[in-house]
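Okay, here's what each chain looks like letter by letter:
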Amino acid sequence: MKIVLITTTLVAVLAIGLIGINNNNSNNIPNAFAQENTVSIAAGSSNPSATEFYVPSEIAVSPGTTVTWTNDDSTIHTVVEGGPQSSGATPAFDSSIIAPGATWDNTFDTAGEFNYYCNLHPFMTGKVTVS
C-alpha cells in the first residue's frame, strides 16, 4: 500500500510539472527554440587574425525585428551598413561608437539583405537578412 501511494504521488508531481512546462511559457522557462536577435562583437575581434568578429556573422530576422549588438571586446567598435568599399552614400544604419560592454540596436522594417562592417576595423563584416 505504501509503495502504491508513493508511486501515485510521484506520478502526480511529474504530471503537474509537465503541465506547468507546457503553459505557453508563462512560468518564464527559457524557450530553446526562441529566435535570438543578438549579435556579439567578439572579444579580440579588433585583431585581424581573430577567428570571429561578429557572432553570428549572419543573422536572419523577420521585418520589424530589432537586432541588438553587444560589444564584448575591450576596444570600441561600430556597426555600419555597407562595406569597406561603400560608395560614400549615407548608410541605412550607423551605430557610431559602441564602447566596450555597451549595446546598440537597430530595427529592420524592410525586407532585404543588409551587409555591415566596423568602420574602425573594416575587416570585420556581417550580414542581416530580413525576410
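Up top is the structure these notes are about.
Notes on the structure in this doc start here. Numbering of residues starts from 1 in each chain and follows the order in which that chain's sequence is written. Per-residue local features of the predicted model are confined to residues with pLDDT of at least 70, and side-chain atom pairs are confined, for both listing and counting, to 80 or more; whole-chain, interface and lining totals are unaffected and use all residues. Remark: hydrogens and water are excluded; side-chain values derive from all non-hydrogen atoms of the structure.

### Some points on unusual backbone geometry
That bond from Val55 to Pro56 is cis: its omega, 0°, falls within 30 degrees of zero. The topology assignment puts Pro56 in the loop between strand E2 (54–55) and strand E3 (58–61). Non-glycine residue Ser96 carries a positive phi angle of around 65°. Under the DSSP-based scheme used, a helix requires at least four consecutive residues in state H or I and a strand at least two consecutive residues in state E, with every element numbered from the N terminus. As for its position among the elements, Ser96 is in the loop between strand E5 (80–81) and strand E6 (103–108).

### Comments concerning the pattern of salt bridges
Here, a salt bridge means any side-chain nitrogen of Lys or Arg that lies within 4 Å of a carboxyl oxygen of Asp or Glu. Tallied over the entire structure, the rule returns one salt bridge. The salt bridge partner of Lys127 is Glu113, with a shortest N-O separation of 3.6 Å. In this pair, Lys127 sits in strand E8 (residues 125–130) while Glu113 sits in strand E7 (residues 112–117), placing the two residues 14 residues apart along the sequence. Given a relative accessible area of 56%, Glu113 falls into the exposed group. Accessibility here uses a 1.4 Å probe with only protein chains present; expressed as a share of the type maximum, an area under 20% marks a residue as buried, one over 50% as exposed, and anything in between as partly exposed.

### Concerning the sheet that holds E2
Picture the strands of a sheet paired through backbone hydrogen bonds; they go either parallel or antiparallel. When DSSP finds two or more bridges between two strands, those strands count as paired. Here we have four strands laid out as an open sheet, ordered E2-E1-E4-E6, and mixed in their pairing. Edge positions in the open sheet fall to E2 and E6, since each of these has one partner strand only. Bridge count between strand E1 (residues 38–41) and strand E4 (residues 65–71): four bridges; the pairing is parallel. Across the sheet, the residue bridging to Thr38 is Thr68, located in E4.

### Let's talk about the nonpolar core
Residues belong to a common nonpolar core when they are buried Ala, Val, Leu, Ile, Met, Phe, Trp, Tyr or Cys residues joined through side-chain atoms within 4.5 Å. Core analysis: the biggest nonpolar cluster contains 19 residues, and Tyr54, Trp69, Val79, Phe108, Tyr116 and Val128 have the highest contact counts within it. Only E1, E3, E4, E6, E7 and E8 provide two or more residues apiece to this core. Contacts: residue pairs with any heavy atoms within 4.5 Å of one another. Once residues lying within four places of it in the same chain are set aside, the contact partners of Phe108 are Ser62, Pro63, Gly64, Thr65, Val67, Trp69, Phe93, Phe114, Val128 and Val130.

### Things to note about the sheet that holds E8
An order of E3-E8-E7-E5 is seen for the four strands of this open sheet, with the pairing classed as mixed. Each edge of the open sheet carries a strand with a single partner, namely E3 and E5. In the sheet, E5 pairs with E7 via two bridges, with the strands oriented antiparallel. Within E7, the position partnered with Glu81 by the bridge is Tyr116.

### A closer look at the environment of Phe123
By the element assignment, Phe123 lies in the loop between E7 and E8. Take Phe123: its relative accessible area is 33%, and that puts it in the partly exposed class. Note: C-alpha distance between Phe123 and Ser46 (77 residues apart in sequence) is 8.8 Å. When sequence neighbours within four positions are dropped, the list of residues in contact with Phe123 reads Ser45, Ser46, Asn47, Pro48 and Phe53.

### Quick notes on the pairing of E3
Judged by which residues are buried, E3 turns out to be one-sided: Ile59 and Val61 face inward and are buried, whereas Glu58 and Ala60, on the alternate face, are not. Note that E3 and E8 share four bridges and pair parallel. Paired with Ile59 across the strands is Val128, a residue of E8.

### Here's the deal with the pairing of E6
With burial as the criterion, only one face of E6 is covered, namely that bearing Trp104, Asn106 and Phe108; the residues Thr103, Asp105 and Thr107 on the opposite face remain uncovered. Sheet analysis places E4 next to E6, joined by six bridges and oriented antiparallel. Pairing of Val67 across the sheet is with Asn106, part of E6.

It is worth stressing that arrangement in space is one thing and function is another; only the former is reported here.
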